Amino acid sequence: MSVVELEKTFRKVFGNSGPLARFRSPGRVNLIGEHTDYNAGFVFPCAVEMEILAVASARSDSKVRMYSRDFDEMKEFDLNDRAKDEKSWVNYVKGVLVELGAMGGLVRGVDAVFESNLPVGSGLSSSAAFELVNCLIFSSINDIILDRPEMALLCQRAENRFVGVNCGIMDQFAISLGKKDSALFLDTRDLSYEAVPLNLGQYRIVIANTNKPRTLAGSAYNTRRSECETAVSILKKTAGNITALRDVKMEELEAGKSGMEDRVYRRAKHVVGENARVVESVKALKAGDLGKFGKLMAASHESLRDLYQVSCKELDVMVEEAMKIRGVLGSRMTGAGFGGCTVSLVESSSVEEFKVSVGSQYAAKTGSKADFYITTAVDGVSQIT
Ligand code: GLA
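Residues numbered from 1 in each chain as written. Predicted model: local features only at pLDDT ≥ 70, side-chain atom pairs only at ≥ 80, totals over all residues. Heavy atoms only, no water.

Undergrad: For this particular structure, what's the right way to read the layout of surface pockets?
TA: Using a probe with the size of a water molecule, rolled over the atoms, empty space left in the structure can be pinpointed. The computed volume of the largest pocket comes to approximately 980 Å³. Looking at the largest pocket, it is lined by 46 residues, and the ones nearest its centre are Y92, G121, S126, S127 and R214. At the level of secondary structure, the elements contributing two or more residues to the lining of the largest pocket comprise β1 (21–30), α2 (88–103), β6 (110–116), α3 (126–141), α4 (148–163), α5 (170–177) and α6 (217–239). Here the lining of the largest pocket gets four residues from one element, more than from any other, and that element is α3. Of the residues in the lining of the largest pocket, the class split is 19 nonpolar, 17 polar and ten charged. Roughly 160 Å³ of internal volume is contained in the second largest pocket. Around the second largest pocket, the lining residues are D181, L198, L200, G201, Y203, R204, I205, T375, T376 and A377. The residue inventory of the lining of the second largest pocket, partitioned by class, reads five nonpolar, three polar and two charged. (1 Å grid on protein atoms, 1.4 Å probe; cavity = no way out; pocket = protein on both sides within 12 Å on 5 of 7 lines; lining within 4 Å. Points joined across faces, edges and corners; volume = space filled by probe spheres on them. Helix = DSSP H or I, 4+ residues; strand = E, 2+ residues; numbered from the N terminus. Nonpolar A, V, L, I, M, F, W, Y, C, P; charged D, E, K, R; others polar.)

Structure below.
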C-alpha cells in the first residue's frame, strides 16, 4: 500500500490528470479507560500506524465519485443525497456530508480513491478513521474552517445520527487530535486533554486481533449505556448532585448498592473503578512506573470481563496467553468488546515469542487465527504534503 500506487489508481479510474490532494487517517487503540466516554469519564487512547490513505480531486459540481480499492467498488452520488446506501462505507461519507452541509458552504463534490491497511470491524476504529478523512477532504476542498475538536464532534454526530451507532467521543477525538509518540489523556466531559509522552523504554505496544467479528457489539453497547443511565438515576437519590457515573465515588456506589439490581451495580462499579484506573495509569506512566501501568491494564480487563461483561472467550484466551509470556507487563481487551483486539505492553525482546506462542495457543484453543500489529503512537488525520 502506498500513496504513489493510489495516485496511479486514481488516474486510471477517473482518467483525470489534474492536481491531486493526498490524505492519511490512522486507526486508534485505547490503552485504558473502556466504556467510560459515554459516562463523562476519562480515556487514554493513541492513534496507531495502520491507516486509510486517500487521494482526492475537487470537482466544480456537486457530484461525489468514490472508489474503494479494498472493496473494488465504485460509488457515485450527489453531495445532497440523504438516502441510506446498502454499502455501509458510503454511509460514513453521507453522514459526514449531512453534518458539513448543516454548517453551510458545502458546494463542491470530489473524485476520490481510498485504500486501507486498518482492519475493518476489529475495534481499531476504521469507521471513525474513514469519517475523519472525509471530513478533512470535504472541509478543505470547500474552505469550511473547523478546528480539530470540532472535526471530532462533527464525525461523532455523523455516526450517532446517520449511521445510527450511539458511540462516545473517544475514537473520533483520538483520530482527530492524535499526537506522535503520545497518548491522549482526555476528559470526555469538557474535552480538555493532555498529550502524555509514551516513554515506553524497551517496551512495545502489541495489538492482537482475535479476528472475531463484533456481531453483538451494537445492541449490547446500547444496553450497557442504558444500564449506566439507570445507575445514575438511582444514585441521584442517595449521592446527591451527580449527572453521570463520572461523578460517583466508590463509597457512594456502595451506599446506594441496595437500591439497584446486581447487574446495574456491576456495570457502575466497572465505570467508577475504570475512571480511577485511567488517572492512576497516567500518573504511573509519568513516573516511569510501567509495571504499575501494566497491572492497571490487567485489572481493567478483569473488570470488563467480570463486571461490565463485554469480553468473550476469544478476548479472554488472548489476554490469558499474553500474560503467560515473560516480559509482558499487562494485557487487556480494547474498544467496545465482544471480539476485536487486545492491547499488550511487551518487552521488545519478547515480541517474537509473544507472536509465536500466543498465536499458536490462540489457534489451538479457539480454532481461529490471530493477527499481530506492533505500533507506535502517530499523529492524527492529516493532509500529506
Ligand atoms: C467504542 C465506541 C467508543 C467507546 C468504546 C468503549 O469504540 O465508539 O466511543 O465507548 O467503544 O470504550
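Now that the structure has been shown, we can carry on.
Undergrad: Please explain the packing of aromatic side chains as it appears in this structure.
TA: One pair of aromatic rings is described through two measures. These are the centre distance and the angle between the planes. A full pass over the atoms with the stated rule returns nine aromatic pairs. On the basis of an interplanar angle of 65° and a centroid distance of 5.2 Å, the ring pair of Y38 and Y221 is categorised as edge-to-face. One end of the pair, Y38, is in the loop between β1 and β2 (42–43); the other, Y221, is in helix α6, and 183 residues separate them in sequence. Residue class for Y38 comes out buried when judged on its relative accessible area of 12%. Relative to Y193, the ring of F173 lies with its centre 5.3 Å away and its plane at 75°, an arrangement referred to as edge-to-face. (Phe/Tyr/Trp six-rings, centres within 6.5 Å; stacked < 30°, edge-to-face > 60°. Buried < 20%, exposed > 50% of the residue type's maximum accessible area, 1.4 Å probe, protein only.)

Undergrad: Is there a simple way to explain the pattern of salt bridges in this structure?
TA: On inspection of all chains with the given rule, the structure shows 34 salt bridges. Between R69 and E115 there is a salt bridge, with the nearest N and O atoms lying 3.5 Å from each other. Separated by 46 residues along the polypeptide, R69 in the loop between β4 (63–68) and β5 (73–78) and E115 in strand β6 bring together distant segments of the chain. Here R69 falls in the partly exposed class, since its relative accessible area comes to 31%. E115 sits in the buried class, given a relative accessible area of 12%. Of the charged contacts in the structure, one is a salt bridge between R267 and E227, with a shortest N-O distance of 2.7 Å. Here the residue R267 occupies a position in helix α8 (residues 262–286), and E227 occupies one in helix α6, the gap between them amounting to 40 residues. Classification of R267 as buried rests on a relative accessible area of 4%. (Salt bridge = Lys/Arg side-chain N within 4 Å of Asp/Glu carboxyl O.)

Undergrad: Help me understand the side chain of T188 in this model?
TA: Assignment of secondary structure puts T188 in the loop between β7 (182–187) and β8 (192–197). The buried category is assigned to T188, whose relative accessible area is 11%. In terms of polar contacts, T188 uses its side chain to reach the backbone carbonyl oxygen of G41, at 2.7 Å. For T188, the residues in contact, after removing those within four places along its chain, are T36, D37, A40, G41, V43 and I169. (Polar contact = N/O pair within 3.5 Å; in protein donor to acceptor, adjacent residues only side chain to side chain. Contact = heavy atoms within 4.5 Å.)

Undergrad: Where do I start with the side chain of K94 in this structure?
TA: Its place among the elements puts K94 in helix α2. When its relative accessible area of 3% is taken as the criterion, K94 is described as buried. In this view, K94 contacts F77, D81, A83, D85 and F162; residues no more than four positions away in its chain are not counted.

Undergrad: I tried to follow empty space enclosed by the protein on my own but got confused; where do I start?
TA: Tallying each qualifying case throughout the model produces one cavity of 30 Å³ or more. Considered as a void within the structure, the largest cavity measures approximately 40 Å³ in volume. Along its surface, the largest cavity is lined by L31, L198, L200, I205, F293, M297, V343, S344 and L345. Counting only elements with at least two residues in the lining of the largest cavity, the list comes to α9 (290–306) and β11 (341–347). Of all the elements, β11 adds the most residues to the lining of the largest cavity, at three residues. Of the residues in the lining of the largest cavity, the class split is eight nonpolar, one polar and no charged.

Undergrad: Would you explain the site of the ligand in this entry?
TA: As a matter of local geometry, the ligand sits amid R28, E34, H35, D37, Y38, C167, G168, M170, D171, Y221, G335 and A336. Here D37 contributes a side-chain N or O atom positioned 2.5 Å from an oxygen atom of the ligand. Within the side chain of D171, a nitrogen or oxygen atom sits 2.6 Å from an oxygen atom of the ligand. When the free accessible area of the ligand is taken as 300 Å², the share hidden by the protein chains comes to 93%. Here the ligand is seated within the largest pocket. Among the residues forming the shell around the ligand, the class breakdown is five nonpolar, three polar and four charged. (Near = heavy atom within 4 Å. Areas by Shrake-Rupley, 256 points an atom, 1.4 Å probe, with all protein chains shown as cover. Sits in = over half its atoms within 2 Å of the grid points.)

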